[in-house]
Number of protein chains: 2
Amino acid sequence: MPSLLIIAHGSRRAASNDEVRRLAEQVRAQPEQAYTHVEAAFLELAEPGIGDGLAALAAKGETEIVAFPYFLAAGTHVAQDIPKAIAGFSAAYPAVEVRVTPHLGASASLPATILNVAA
Amino acid sequence: MPSLLIIAHGSRRAASNDEVRRLAEQVRAQPEQAYTHVEAAFLELAEPGIGDGLAALAAKGETEIVAFPYFLAAGTHVAQDIPKAIAGFSAAYPAVEVRVTPHLGASASLPATILNVAA
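Below you will find a few notes about this structure.

Rules used throughout
- Residues numbered from 1 in each chain as written.
- Chains lettered and ligands numbered in written order.
- Predicted model: local features only at pLDDT ≥ 70, side-chain atom pairs only at ≥ 80, totals over all residues.
- Axes fitted to C-alpha atoms, helices over the stretch in contact; angles between N-to-C directions.
- Helix = DSSP H or I, 4+ residues; strand = E, 2+ residues; numbered from the N terminus.
- Parallel < 35°, antiparallel > 145°, perpendicular 65-115°, else oblique.
- Left-handed = near helix turned anticlockwise from the far one by under 90°.
- Contact = placed C-beta atoms within 7 Å.
- Nonpolar A, V, L, I, M, F, W, Y, C, P; charged D, E, K, R; others polar.
- Least-squares fit on C-alpha atoms with pLDDT ≥ 70 in both.
- Buried ≥ 20, exposed ≤ 12 C-beta atoms within 10 Å, placed from the backbone.

What to know about the packing of helix 2 (residues 50–59) of chain B against helix 3 (residues 76–92) of chain B
Helix packing geometry: the angle between the two helix axes and the distance between the axes. Residue and element names in this part refer to chain B. Contact geometry for helix 2 and helix 3: axes closest at 9 Å, N-to-C directions at 40°. With respect to helix 3, the element helix 2 is oriented oblique. The handedness of the crossing between helix 2 and helix 3 comes out as right-handed. Counted together, I50, G51, L54 and A55 of helix 2 and I82, A85, I86, G88 and F89 of helix 3 form the full contact between these two elements. Here the residues of the contact of helix 2 with helix 3 sort into 7 nonpolar, 2 polar and no charged.

Quick word on the relation of the copies chain A and chain B
For the match of chain A to chain B, the screw axis carries a shift of 0.0 Å, the RMSD comes to 0.0 Å, and the turn is 180°. On this basis, the relationship between the two copies can be described by a two-fold rotation axis. Across chain A, the smallest distance between a C-alpha and the rotation axis is recorded for A:T113, namely 3.5 Å.

Points about the environment of B:A41
All names here are of chain B. One can find A41 in strand 2 (residues 38–42). By the C-beta count within 10 Å, which is 27 here, A41 ends up buried. Between the C-alpha atom of A41 and that of L5, which follows or precedes it by 36 residues, the distance is 6.7 Å. Not counting chain neighbours up to four residues away, the residues in contact with A41 comprise L5, I7, P48, G49, I50 and G53.

In structure tokens, the structure reads:
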């Protein structure tokens, strides 16, 4: 079974980073979820970084990782910075397969989620 | 029936703002959705601003508006800037009721959404 790495931007506000870590816990606690591990990592300003987050999963023996960009917009971070960080990891860990999903803002289920939130 | 205003941060990248406007269209197109209008507005860097977005709905005769902060973290924008902009509108339009929902990052359905995206 793969593991899931939720990649957030990271913030100078510790509370914002804790929100992301709590979100990872909530995903992990979903009854229907099937990932071995669910962890959070940060592009910048918070720990672990993307490479360290991926390496921590590899150190636990994970060979399949789903990387989910927890970003609303398809900007430079999603288009370039995250793929670059993952490529750096993959060069060092060729046996670990990392699959990057669409970012949150491009999720097909987002419109329905918004209707739920606003209801 | 109320209308829904999706409030995003706004970006210097026109494509990011267009992503938000397209999201508003997608929410509007959901078969089960029950809002009279679904529009996007921006805290900064893009048009319409929050006050203008609310006023445009009021000008269409709307008296009940659900304001949804399309933000991941509960930072200053969510805690202070958006409420302040809405308070400014409400002072000018006392007959229009504006209800602010939790921001996206605090949505109870977000963990399930993330599992959908990553699947």
